[in-house]
Amino acid sequence: MLRSRYALLLGLAVCTAVLAVGLVVSIHFGASRIGVMDVLRAFADHDGSRDDLIVRTIRVPRALGAALVGACLAVAGAIMQGLTRNPLADPGILGINAGAAFAVVTAVFVFGTTSLSTYALVAFVGAAVAATLVYGIGSVGRGEMGPMRLAIVGAAVAALLSSFTTAMLILSEQTLDTIRFWLAGSLLGRDLALLQQISPYVCAGLLLALALSRRITALMLGDDVATGLGQRTRLTKSLAALSVVLLAGSAVAVAGPVGFIGLVVPHAVRFVVGLDYRWILPYSAVVGGIVLLGADIVSRVALRPQEIPVGVTTALVGAPFFIYLARSRARQ
Amino acid sequence: MSSRVGNRGRRGIGTVSLLAAVLLLVTACAGGGGGDTAGATRPVAHDMGETMVPDRPQRVVALEFPYVDMLASLDASPVGVVDDGDPENLIPQVRERIGEWQSVGTRAEPDLEQIANLQPDLIIADNDRHAGIYDELSAIAPTVVFTVRYSGYQETLDVTRKVAEALNRTDAANAEIDRLNGRLDAFARTVPEGDKRQTLAIIPRERGTAQIQGKGSYVADVLERVGVPYAPEAAAFPADSDSSSVGLEGLAEIDPDVLFVMTDAETTMDDWQGSEVWQSLRAVRAGDVYPVDRALWTRSRGLVSMELIADEGTGMLYGRAPEGGGAAGVDPGTGGPSN
Amino acid sequence: MGRPMSVVSRLTTGEATLRAGPVSLRLDRRATLIFIVLCLVVFAGVVLNVGYGPYPVPPPAVVRTVLGLGDDAGQAFVINTLRLPRALVAVAVGAALAVSGAILQGLTRNGLAAPDIVGVNAGASLAAVSLIVAVPSVSAAYLQPAALGGAFIVAALLYVLAWRRDSSPVRLVLVGIGLGAIAGAGTTFMITFGEVQQVSLALIWLTGSVYGRGWDELYSFLPWLLLFLPPALFLARRLNALNLGDDVAHVIGVPVRRTRALLLLTSVALAGTAVATAGTIGFVALMAPHIARRMVGTSHGSLIPVAAVTGAAIVVGADLVGRAVLPQVEIPAGIVTAILGAPFFIYLLYRSRNT
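The structure contained in this document is the topic of the report that follows. Keep in mind it's a predicted model, so treat the numbers as computed, not measured.

**Concerning the overall build of chain A**
So, point 1. Of the regular secondary structure elements, chain A holds 13 helices and zero strands.
So, point 2. Summed over all atoms, the accessible surface of chain A reaches about 12400 Å², with 69% contributed by carbon and sulfur.

**Here's the deal with the sheet that holds strand 5 (residues 102-103) of chain B**
Residue and element names in this part refer to chain B.
So, point 1. Reading across from one edge, 5-4-3-6-7 is the order of the five strands in this open sheet, with parallel pairing throughout. At either margin of the open sheet sits one strand with a lone partner, and together these are strand 5 and strand 7 (143-146).
So, point 2. Pairing between strand 3 (residues 60-62) and strand 6 (residues 122-126): three bridges, direction parallel. From the neighbouring strand, Val61 faces strand 6, where its bridge partner is Ile123.

**So, the packing of aromatic side chains**
So, point 1. According to the stated counting rule, one finds ten aromatic pairs over all chains in the structure shown.
So, point 2. Ring geometry for A:Tyr119 and A:Trp182: centres 5.9 Å apart, planes at 75°, overall edge-to-face. Placement of the pair is A:Tyr119 in helix 5 (residues 116-139) and A:Trp182 in helix 7 (residues 173-183), with a sequence separation of 63 residues. Neither A:Tyr119 nor A:Trp182 differs from the other in exposure class; each is buried.
So, point 3. Here a set of aromatic residues connected by ring pairs shows up, and it is made of B:Phe260, B:Tyr290 and B:Trp297.

**Remarks on the environment of A:Ala98**
All names here are of chain A.
So, point 1. With respect to the helices and strands, Ala98 occurs in helix 4 (residues 96-111).
So, point 2. Separated by 25 residues in the primary sequence, Ala98 and Ala123 place their C-alpha atoms 9.7 Å from one another.
So, point 3. Residues contacting Ala98, with those up to four places away along its chain left out, are Ala158 and Leu161.

**Let's talk about unusual backbone geometry**
All names here are of chain B.
So, point 1. Even without glycine at this site, Asp75 takes up a positive phi of about 55°.
So, point 2. With respect to the element layout, Asp75 can be found in the loop between helix 3 (65-73) and strand 4 (80-81).
So, point 3. The phi torsion at Arg301 lies on the positive side, around 50°, for a residue other than glycine.
So, point 4. On the secondary structure map, Arg301 appears in the loop between helix 14 (294-299) and helix 15 (303-318).
So, point 5. The class of Arg301 is buried, set by a relative accessible area of 10%.

**Some thoughts on the interface of chain C and chain A**
So, point 1. In this assembly, 46 residues from chain C lie in contact with 45 residues from chain A.
So, point 2. Summed over both sides, the interface of chain C with chain A buries roughly 4000 Å², with 79% coming from carbon and sulfur.
So, point 3. Linking chain C with chain A are zero salt bridges.
So, point 4. Mapped onto the side of chain C that touches chain A, the elements with two or more residues apiece are helix 7 (143-162), helix 8 (169-193), helix 9 (196-207) and helix 15 (333-351) of chain C.
So, point 5. Sort the elements by how many residues they give to the side of chain C that touches chain A and helix 8 of chain C lands first, with 16 residues.

**Structural notes on the nonpolar core**
So, point 1. Grouped together as the largest cluster of nonpolar side chains are 315 residues, with contacts concentrated most on B:Val163, B:Leu251, B:Leu259 and B:Trp278.
So, point 2. Sorting elements by how many residues they give to this core places helix 3 (residues 50-84) of chain A first, with 19 residues.
So, point 3. Setting aside chain neighbours within four positions, we find B:Leu259 in contact with B:Leu200, B:Ile202, B:Leu251, B:Trp278, B:Leu281, B:Ala283, B:Asp288, B:Val289 and B:Tyr290.
So, point 4. Listed in part, the 22 residues of the second largest apolar core include B:Val79, B:Leu112, B:Leu137 and C:Tyr211.

Basis of the calculations
Within any chain, residue numbers begin from 1 and follow the written order of that chain's sequence. Chains and ligands are labelled sequentially in the order written, the chains with letters from A and the ligands with numbers from 1. Per-residue local features are limited, in this predicted model, to residues with pLDDT of at least 70; the limit for side-chain atom pairs, both in listing and counting, is 80 or more; totals at the level of whole chains, interfaces and linings are taken over all residues. With hydrogens and water excluded, all non-hydrogen atoms of the structure serve as input to the side-chain values. Think of it this way: any DSSP run of H or I at least four residues long counts as a helix, any run of E at least two long counts as a strand, and we number them from the N terminus. For accessible areas, the Shrake-Rupley method is used with a probe of radius 1.4 Å. Any residue's cover is judged against the shown protein chains and nothing else. When DSSP finds two or more bridges between a pair of strands, those strands are recorded as paired. For Phe, Tyr and Trp, where Trp contributes only its six-membered ring, two rings pair if their centres lie within 6.5 Å, and the inter-plane angle classes them as stacked under 30 degrees, edge-to-face over 60, or tilted in between. Burial classification: accessible surface area is computed with a 1.4 Å probe over protein chains only, and a residue below 20% of its type maximum counts as buried, one above 50% as exposed, and the rest as partly exposed. Contact criterion: two residues are considered in contact whenever any of their non-hydrogen atoms come within 4.5 Å of each other. Buried surface area refers to the total accessible area, computed with a probe of radius 1.4 Å, that the two partners give up upon joining, counted for both partners together. Every case where a carboxyl oxygen of Asp or Glu lies within 4 Å of a side-chain nitrogen of Lys or Arg is listed as a salt bridge. Here, the term nonpolar core denotes a set of buried Ala, Val, Leu, Ile, Met, Phe, Trp, Tyr and Cys residues that are joined through side-chain atoms within 4.5 Å.

Here it is in structure tokens:
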């Protein structure tokens with residue numbers, strides 16, 4: 001575990017450098033072969049060639065999108081874990097993805113919209129509603145929100161919503177055909193306009209999260225401790241929940257349902273930087289970006305020329321980790 | 001185990017024997033459905049074996065769009081059709097020719113009771129979709145099963161002949177196929193000698209994503225039949241597979257000269273227009289992007305739609321105004337209404 | 001199970017509920033009464049289900065037709081060929097799922113455990129969906145063993161990962177959720193890459209539906225049901241002992257590990273084959289045992305048969321509702337059970353304080 005402030009800063013710098021390399025690697029890979037030098041040249045001067053256009057309008061937005069979505073998911077997951085004192089909290093587990101999917105499929109099925117920017121808006125709303133629902137149901141009743149409870153409410157709400165989703169998909173084969181790649185979670189075809197559209201929410205969410213990081217650390221120690229430190233815990237919780245909705249909602253709006261990043265990354269980060277959210281959050285953001293970039297590259301390369309939806313890749317990596325966590329926790 | 005069965009309480013034995021009696025009766029009745037059509041029958045071979053079909057089936061139910069198209073080209077009017085809840089799913093030219101029909105549900109889950117109520121004497125089902133309910137369908141009426149997936153020009157003619165055989169209209173089918181071939185040859189003659197523009201048909205999915213209709217796909221095959229050159233690079237993708245989705249970048253890599261974009265209410269290319277890479281595509285710069293109707297170009301897959309695709313495709317490409325909607329098959333002299 | 005027996009098993013069609021005969025003798029009077037009442041409910045459900053459709057048939061006529069006493073050939077055909085086998089499949093599947101859930105809940109001492117929650121159904125789904133999507137030409141006959149195989153693989157993993165050394169119910173459920181997520185990712189992969197018509201079929205199947213199920217499907221499911229229901233009933237008392245704790249069970253003379261493995265096997269086999277027959281009809285395995293427990297208490301001797309009948313009633317009812325809601329299209333029974341089951345699930349959670 002990194003102890004000193006300098007070591008932590010240095011670590012963060014190293015991670016950022018890795019992220020930068022990841023971005024370049026991601027931009028390098030694609031359907032057409034474009035050399036690394038050509039990639040770099042595309043930034044230096046816009047010669048308007050096809051390769052230049054591809055790098056600037058397709059690959060860069062995709063790489064940035066992956067980094068951004070990964071950062072959002074990881075930070076949202078870290079906050080959720082802190083807020084609920086539940087190591088298994090993750091936007092995917094908590095039904096947010098199912099809510100977004102339900103909303104998008106409804107929009108396509110009922111209104112026939114196919115524009116990705118409409119998807120984004122609708123997904124955002126769906127995610128927010130589902131999150132509120134799961135969190136609300138999870139916190140009623142007696143006692144504290146145990147790890148079981150929230151995960152299980154999430155599973156139940158997700159099961160309910162996805163059965164509605166499936167019902168619509170069964171009724172319309174056209175809707176199914178239109179939407180199924182989005183439903184699996186993918187970064188294909190995301191462009192700068194879409195990123196611009198959601199960037200205000202992402203920025204707001206990230207800033208809010210960072211501003212709350214000290215308070216979240218105190219909350220981790222228990223409501224009483226936080227209150228004793230002079231915090232208004234209710235306000236902190238509400239604001240933190242708001243930032244989760246902003247971040248997870250933006251992520252699902254851009255990439256569709258991508259699970260397990262928000263679960264895995266904060267744990268890995270905590271292993272290195274300890275329990276202070278002032279460090280956990282920035283680290284989570286950078287490492288989350290790296291992980292999703294990596295998953296996206298794997299998704300593109302594994303079955304060339306076809307793409308695996310990135311949501312499938314993250315689930316295949318993340319679910320075993322979830323199992324590992326569940327096992328080690330129960331042993332304690 | 002058997003001793004335990006013997007040890008059942010009196011209630012148990014009673015129920016079991018009652019149930020047994022019920023079941024015996026039920027299974028006895030189950031076989032004798034609506035199959036008792038008067039008159040002669042003849043065997044028809046199909047994907048699931050051989051079925052005795054009435055000599056001249058009058059009440060036909062078709063469970064997939066291509067079969068409806070094929071029936072229309074034979075001037076047979078099905079009494080029941082699956083239209084997935086919306087008549088618009090069938091192309092207008094087919095609708096016009098088959099006249100009134102009753103909807104019997106969706107292609108994935110046809111309404112068995114509605115079908116039974118129509119008292120059909122022939123059901124045409126699809127191997128990919130309906131193999132699981134073949135027994136139920138057969139109990140309702142003689143059922144023949146064919147395959148239309150992965151079909152191209154030749155397969156479509158073959159399946160049309162099989163459908164015609166089930167209907168006992170082989171002569172009409174041959175005449176119609178001859179007529180169609182004549183028309184296709186005529187379209188082929190409109191392809192200019194020197195024109196080597198490579199065409200490609202795609203289905204847009206969402207922004208920047210498209211499903212490529214590879215070489216060997218239905219559309220590619222039909223276009224090639226009338227002499228339209230189809231993008232050879234597209235052959236890299238599995239023929240007619242839904243998995244051949246590419247991003248704009250992949251499309252730019254193929255960069256065909258002409259693009260047929262298959263659209264419907266839910267698939268539009270609106271999202272693409274703004275992209276610089278899209279604008280840089282050869283077809284876009286040359287103004288050779290043609291939106292075409294997805295229901296016609298990929299879903300109907302019979303003789304009626306094939307003629308329309310060839311007509312529309314060559315018309316768009318080589319500047320000849322496509323002939324009016326009703327053109328297909330209303331040609332005087334061949335296959336007029338036969339009932 | 002020898003030849004003559006299998007004939008008998010074919011004849012006792014579907015009435016999983018009535019297979020409880022030998023056990024019901026041991027039930028107390030209240031449980032017996034409830035069991036009989038529920039059987040009547042299932043019977044009424046089947047009659048209503050069979051009577052409902054584009055051609056409504058009044059209940060007396062349904063009974064007459066099923067007994068072969070009807071004189072309307074068209075009606076007899078619709079009822080005996082299309083509706084009755086479907087309703088009986090619903091009964092059988094409901095019963096199997098409910099018993100599977102009851103055993104799993106008993107085994108894990110966790111009211112929230114059910115084959116669909118712990119990923120057993122997801123494993124069966126992945127296997128079946130892969131088959132439907134990747135090998136469309138394959139006969140439907142392979143669906144059953146494939147789904148069963150998938151269910152067993154998940155169960156084996158569950159056993160190894162979460163249960164071999166000690167049986168913490170929380171861990172079992174969480175590991176199950178994780179396994180379910182992995183299988184779910186595989187299913188998503190299949191759904192993304194398959195041909196759309198296969199995917200459409202796979203989705204219907206995934207949601208759980210008894211659409212188009214005929215005598216064939218019933219007959220291929222029944223042997224499994226008849227093979228695994230008796231052990232379930234037989235082991236019910238041992239399950240009670242296990243619930244007193246491993247040590248107590250051991251002292252009473254119950255072979256703990258073997259019994260547990262057998263019970264798990266039974267539960268998974270019932271769920272796996274039910275899923276293979278009608279897809280993943282969700283929440284039945286969760287709801288039915290709870291409802292049953294409310295009525296007859298926690299002793300598994302009476303709980304299991306009562307849960308079976310309850311499950312049968314739920315699925316038959318869900319199928320009826322699913323067909324009745326929209327005019328042209330039918331809603332798969334699995335969606336109806338999810339709409340009922342998810343709130344029920346959350347209610348359970350709300351009531352259980354120490355999870």
